[in-house]
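Fold and geometry: a report
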Amino acid sequence: MAPQGNPTVVVIGNGMVGYKFCEKLLAKSTAFNLVVFGEEPRVAYDRVHLSEYFGGKTADDLLMAPTQWYHDNGIVLHLGDAVQEIDRASQTVHARSGLVQPYDYLILATGSSAFVPDIPGVEKKGVMVYRTIEDLDEIKAYAATARSGAVLGGGLLGLEAAKALLDLGVEDAHVVEFAPRLMPRQIDAAGSAMLQSKLEALGLKIHLSKATSGIVGDGKIESLHFGDGSVLEVDMLVISAGIRPRDELAKLAGLEVGMRGGIVVNDEMQTSDSRIFAIGECALHSGMIYGLVAPGYDMAEVVVSQLLRGARAFTGYDMSSKLKLIGVDVASFGDPFIAEPHSRSIVFEDAHNGVYKRINISPDGKYLLGGVLIGDAEAYNMLLQTVNNKLVLPPHPEDLILGARGGEVDSGAGVMSLPDEALVCSCEAVTKGMICDAVTEQGITTVDAMKKCNKAGTGCGGCVPMVKDLINGTLTAQGAYIKNVLCEHFDYSRQELIDLLHINDIRSYGAALDRFGAGDGCEVCKPAVASILSGLWNELIVKQNVIQDTNDRYLANIQKGGSYSVMPRMAGGEVSPQQLMAIGRIAEKYNLYTKITGGQRIDMFGAHVSDLPDIWEELINEGFESGHAYGKSLRTVKSCVGSTWCRFGLHDSVSFAIELENRYKGIRSPHKMKSGVSGCVRECAEAQAKDFGVIATEKGWNLYVCGNGGAKPQHAQLLAADIDKETLIKYLDRFIMFYIKTADPLMRTATWLNKMDGGLAYLKNVIINDSLGICVDLEAEIELLIKNYHCEWKEVVENPELRKQFTHFVNAPKAKDPTMEFAEMRGQKMSKAW
Amino acid sequence: VCTIADVPADGGACALVEGEQVAIFNFARRGEWYATQNLCPHKQQMILARGMIGSTGAACEPKVACPYHKRTFSLLTGECLNGDECSIQTYPIKVENEVVYIGRA
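All figures in this text were calculated on a predicted structure; none of them were measured in a lab.

1. Examining the packing of aromatic side chains
- Following the criterion strictly, the structure yields 18 aromatic pairs over all chains and no others.
- Aromatic pair W616 of chain A and W793 of chain A: ring centres 5.4 Å apart, planes at 10°, arrangement stacked. In this pair, W616 of chain A is assigned in helix α20 (residues 612-621) and W793 of chain A in helix α26 (residues 792-797), connecting sequence segments 177 residues apart. Take W616 of chain A and W793 of chain A: they sit in the same class, and that class is buried.
- Between F735 of chain A and W752 of chain A, the aromatic rings sit 5.7 Å apart at their centres with planes inclined by 65°, giving edge-to-face as the arrangement. Of the two residues, F735 of chain A sits in helix α22 (residues 725-742) while W752 of chain A sits in helix α23 (residues 749-754), which places them 17 residues apart along the sequence.
- Taken together, the aromatic side chains of Y554, Y564, W616, W793 and F806 of chain A make up a single cluster linked through ring pairs.
- Residue placement shows R30 of chain B over the ring face of F27 of chain B; its charged tip is 5.0 Å from the ring centre.

Written out as structure tokens, the structure is:
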């Protein structure tokens, strides 16, 4: 407990706002003794998300903070003990338990109760209110036996309650509203109509303009009678006809209260007794009761400021809100009703999809004043910010609700253009600047972490999408730098490290880590450095074995179950009958599954690691060499049959494909590279879907670069047209080496080009016009790589020390992994599903 | 179970120990040895000995990454470092006169 002599602050009421007051005060000062009285048996819980109690959340899930929190913070907590009297003269409160507690400051956070209209029969069994967890338990228990039910009140809470009835399995659910439309205080008539039709489609029956005159039944409710003489038979009724401020204690103490309820407060939240403050739904400020949580939190902030001799005042609150009612988005912001001549409205109505949007703009078309969104409220946060920050509207304000049409949609940039002081989370008063700072200065990257950091998004949750956009937007703004660092062990980009290793003649991972890194490396930087070392020196890849991914370490592609696949090179997709027979014989001998791949060659699957050297010995004896399918390197140069056989072929695409494949084979690159050569414009080799592709023309060859198939297909772009073979190879040498030297790890050529400043024009300038003056170097460097080509498998087969590494058990080299199992499919073996 | 020459420096190898597959790691950079189960619990694959080892965090916690889907596990505790529930068994290991010995868990 805080030391004696500190002023004592007594809080009456332990709801959301009462709790928030304690939290805010503790965050600013510990120089107060805090005593809290709560009339409910449990500590403060989240009433905004009360309906989730029916959706599976427990009472504990909804707590604002566990009981322990109060103890940990030295708060004296009296639960289940209502204060019955305030003695202003002696500055004490008297609780039902007989406890007398003196105060220096008294905070009334007594909240509100459900307003129950004085309808005959309202006392009958089966008539309930929707307010507390206890109310919900009662509704739950009663609904178990009810077939039909009605909610009295078509406002925000009433519709929440109606959803609860549906969730509880009440088949026949009704909403009864006195006004001629739903949510009359928040949305306009057209919006209400749209909401109504959506809710009706979901099975709710809506009755408007109904004045309930009686609740009829024998002891328990059986029917509702209305002023127009009609009758609705129901088994239960939930009353949600508004709230009534809990001001009886204040009234008893002689504090000023409003005519229709509410404790009168000034801008400092002081009641007519300057030592007593009132906050939340019990407070009446400028004739207004605020039934939302965000203004309540703001009032709490004001009182904290007052106690600390600050100057914050409460000056009214924006009642904009967004919620999901039974799966339907409903939002209203700013002034939703303002009309001619003070405003002009733009309305979008799509009855087919149940979407209604209205924005009200100032007569000069410059500012957004307010609006209503039904069915699709994705734009809510941005629109609210546009109102609150008086952002000048774009020339076509209709784009705000329709989205930009024709041309690129500018996604994400919107939130980043807000001013730093824009209030994003109004419940917790978190601004855009605070969120962005948390990302840049505290390294926050997720919404969950942000909630812990500054509580943004922990109140009503409406701003969560915007918080997410701001996190991502801020990360993107920094992204160029973040993404370029290899990992926690190397504080350099791949490009920087290439230069460092090159200049310092570093040829091993250990030396690189000692010189330029920290720690012991990881599965990200090891293969990245391996790729760089290969790209620089092209020394035998097996020497780097422990820093390679398993595919490069065992020179084969690992498959499900721990077996490997074997893929010899078939440059250009050309294979002789003798080679085909050899593959057939070897595959049969080692019991391998065979398949023709997308790259025009034959893959053999299901090899045990210990069989790999024997299989390759036989393949090499038949004239094959490694196909480098396991490496981040050139895979295949696919070809069509070309002018040697095809009646349309212009040039010999097969020979050119073989020449290119053999030229660049084995060279390690940031990611795999695929290629193709087509003999005419019919493009049978699909060269325009490749990292580099060549198509024959009447006058020579066209060279395309940076295409991609895979998950995100992208057409290759024309780098040079109608060039001869020699020029094409020269350009390709430069292009490939430039890619090897400047791309990030595991970045395909398509992404590389997409991220390149200046794009294709820049690339053309570098490769064709030598704008950087590096082409001589690029050509020399790739020449070195080409010269240093080895068939990696030949080296292994001929080297007993290397062969020894191809075992499953070091202490039983001949034994195979006994857990490896295969199934059968269409007469061949198949890996077992995992 | 094997000699130190059987396990590549800064790499791993799998040994058969009383019918169990054990992954042995020669963390030569740190002069440390570790032993864990060879089975990656994520997809039940006998593979961890072929994973890359490294370290993470300010404390340089030693770890191994499964080659299949890059789940990483602490070599000290066996705990999965990617937030998954699964963890792996670690075994006591010692090296005497260039011979590697594995103890019972």
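2. Here's the deal with the nonpolar core
- Core analysis: the largest hydrophobic core is formed by 76 residues, its most contacted members being F21, I86, L108, M269 and I279 of chain A.
- Sort the elements by how many residues they give to this core and helix α8 (residues 293-307) of chain A lands first, with nine residues.
- Excluding anything up to four places from it in sequence, F21 of chain A contacts V9, V11, L34, I107, I279, A300, V303, V304 and L307 of chain A.
- In this structure, I558, M570 and W793 of chain A together with V64 of chain B belong to the second largest nonpolar core, which totals 48 residues.

3. Quick look at the interface of chain A and chain B
- Taken residue by residue, the interface counts 35 residues in chain A and 38 residues in chain B.
- With both chains or domains summed, chain A and chain B bury close to 2,900 Å², and 51% of this area falls on carbon and sulfur atoms.
- In terms of surface lost to chain B, no three residues of chain A exceed D520, E523 and W834 of chain A, which account for 25% of the buried area on that side.
- At the junction of chain A with chain B, the criterion picks out four salt bridges.
- Here D520 of chain A and R30 of chain B are joined by a salt bridge, their closest N and O atoms 2.4 Å apart.
- Remark: the boundary between chain A and chain B carries 23 residue pairs in polar contact (both at pLDDT 80 or more).
- At the level of elements, α16 (509-516), α17 (525-537) and α18 (550-554) of chain A are the ones that each hand at least two residues to the side of chain A that touches chain B.
- Classifying every residue of the side of chain A that touches chain B gives 13 nonpolar, twelve polar and ten charged.

4. Examining the sheet that holds strand β20 (residues 283-285) of chain A
Residue and element names in this part refer to chain A.
- Taken together, three strands build an open sheet; the order of strands is β18-β20-β21 and the sheet is mixed. Two strands bound the open sheet, and with one partner strand each, they are β18 (263-265) and β21 (288-289).
- For β18 and β20, the ladder comprises three bridges, and the chain directions are parallel. Paired with V264 across the bridge in β20 is L284.

5. A few points about the side chain of Q45 of chain B
- Looking at the element boundaries, Q45 of chain B is found in strand β6 (residues 45-46).
- For Q45 of chain B, a relative accessible area of 6% puts it in the buried group.
- Only 3.4 Å separates the side chain of Q45 of chain B from the backbone nitrogen of G562 of chain A, close enough to count as a polar contact.
- Of note is the side chain of Q45 of chain B, whose polar atom sits 3.3 Å from the side chain of Y68 of chain B.

6. Considering the pairing of strand β3 (residues 20-27) of chain B
Residue and element names in this part refer to chain B.
- For β3, a buried count of seven out of eight residues is recorded, marking the element as mostly surrounded by other parts of the structure.
- Sheet topology note: the strand β2 (residues 11-17)/β3 ladder contains seven bridges and is antiparallel. For G12, the partnering residue across the bridge sits in β3 and is F25.
- In sequence, β2 turns back onto β3 through a hairpin of two residues, with E18 there showing a positive phi of about 50°.
- Taking the residues between adjacent antiparallel strands as the criterion, β3 and strand β4 (residues 32-37) are bridged by four residues, where G31 takes a positive phi near 65°.

7. Focus on the environment of I24 of chain B
Residue and element names in this part refer to chain B.
- Secondary-structure assignment places I24 in strand β3.
- Taking the relative accessible area as the measure of exposure, I24 reaches 0% and is therefore buried.
- Once residues lying within four places of it in the same chain are set aside, the contact partners of I24 are V1, C2, V7, G11, G12, A13, A15, W33, Y34, I93, V100 and I102.

8. Considering a negative patch on the surface
Residues and elements named next belong to chain A.
- On the surface, a cluster of negative charge is made up of D218, E222, E233 and D235.
- Relative to the helices and strands, D235 resides in the loop between β15 (231-233) and β16 (236-239).
- We classify D235 as partly exposed; its relative accessible area is 30%.

9. Some words on the packing of α22 of chain A against helix α25 (residues 775-787) of chain A
Residue and element names in this part refer to chain A.
- One can describe the packing of α22 onto α25 by two numbers: an axis separation of 8 Å at closest approach and a directional angle of 85°. The pairing of α22 with α25 is recorded here as roughly perpendicular in orientation. On α25, the residues that touch K730, D733, R734, I736, M737, F738, I740 and K741 of α22 are C775, L778, E779, E781, I782, E783 and L785.
- Within the contact of α22 with α25, the residues separate by chemical class into eight nonpolar, no polar and seven charged.

10. Section: unusual backbone geometry
- Here E340 of chain A and P341 of chain A are connected by a cis peptide whose omega angle stands at 0°.
- Take P341 of chain A: it is sitting in the loop between β23 (328-334) and β24 (344-350).
- The backbone phi angle of Q44 of chain B is positive, close to 55°, even though this residue is not glycine.
- Assignment of secondary structure puts Q44 of chain B in the loop between β5 (39-40) and β6.

11. Some words on the packing of α22 of chain A against helix α24 (residues 759-767) of chain A
Residue and element names in this part refer to chain A.
- Where α22 contacts α24, the axes come no closer than 10 Å and their chain directions differ by 120°. The pairing of α22 with α24 is recorded here as oblique in orientation. In this structure, α22 crosses over α24, and the sense of that crossing is right-handed. In contact with Y731, R734, F735 and F738 of α22, α24 contributes Y762, L763, V766 and I767.
- Grouping the constituent residues of the contact of α22 with α24 by class yields seven nonpolar, no polar and one charged.

12. Some words on the sheet that holds strand β1 (residues 8-12) of chain A
Residue and element names in this part refer to chain A.
- The strand order across the open sheet built from five strands is β3-β2-β1-β7-β19, with neighbouring strands paired in parallel fashion. Because the sheet does not close on itself, it has two edges, and the strands there are β3 (76-79) and β19 (276-278). Across the sheet, the mean angle separating the axes of adjacent strands is 15° when strand polarity is ignored.
- Pairing of β1 with strand β2 (residues 33-38), which is carried by five bridges, proceeds in the parallel orientation. Bridge pairing in β2 places V10 opposite V35.
- Its contacts with the sheet put helix α1 (residues 16-28) on β1, β2 and β7 (105-108), and the angle it makes with β2 is roughly 170°.
- Most of the contacts of α8 go to β19, to which it runs at about 160°, and overall it touches β1, β7 and β19.

13. Points about the pattern of salt bridges
- Under the definition given, this model contains 46 salt bridges over all chains.
- Taking the shortest distance from any N to any O, the salt bridge between E792 of chain A and R668 of chain A comes out at 3.1 Å. Of this pair, E792 of chain A sits in helix α26 while R668 of chain A sits in the loop between α21 (653-664) and β34 (673-678), and the two are 124 residues apart along the sequence.
- The network of salt bridges with shared partners includes D514 and D520 of chain A together with R29, R30 and E32 of chain B.

About the criteria used
- Residues numbered from 1 in each chain as written.
- Chains lettered and ligands numbered in written order.
- Predicted model: local features only at pLDDT ≥ 70, side-chain atom pairs only at ≥ 80, totals over all residues.
- Heavy atoms only, no water.
- Phe/Tyr/Trp six-rings, centres within 6.5 Å; stacked < 30°, edge-to-face > 60°.
- Helix = DSSP H or I, 4+ residues; strand = E, 2+ residues; numbered from the N terminus.
- Buried < 20%, exposed > 50% of the residue type's maximum accessible area, 1.4 Å probe, protein only.
- Lys NZ or Arg CZ within 6 Å of the ring centre and 35° of its normal.
- Core = buried A, V, L, I, M, F, W, Y, C linked by side-chain atoms within 4.5 Å.
- Contact = heavy atoms within 4.5 Å.
- Buried area = accessible area lost by both parts, 1.4 Å probe.
- Salt bridge = Lys/Arg side-chain N within 4 Å of Asp/Glu carboxyl O.
- Polar contact = N/O pair within 3.5 Å; in protein donor to acceptor, adjacent residues only side chain to side chain.
- Nonpolar A, V, L, I, M, F, W, Y, C, P; charged D, E, K, R; others polar.
- Pairing = 2+ DSSP bridges.
- Patch = residues over 30% accessible without salt bridge, like charges linked within 9 Å, V, L, I, M, F, W, Y side chains within 5 Å.
- Areas by Shrake-Rupley, 256 points an atom, 1.4 Å probe, with all protein chains shown as cover.
- Lys, Arg positive; Asp, Glu negative; His and termini not counted.
- Charge placed at Lys NZ, Arg CZ, Asp CG, Glu CD.
- Axes fitted to C-alpha atoms, helices over the stretch in contact; angles between N-to-C directions.
- Parallel < 35°, antiparallel > 145°, perpendicular 65-115°, else oblique.
- Left-handed = near helix turned anticlockwise from the far one by under 90°.

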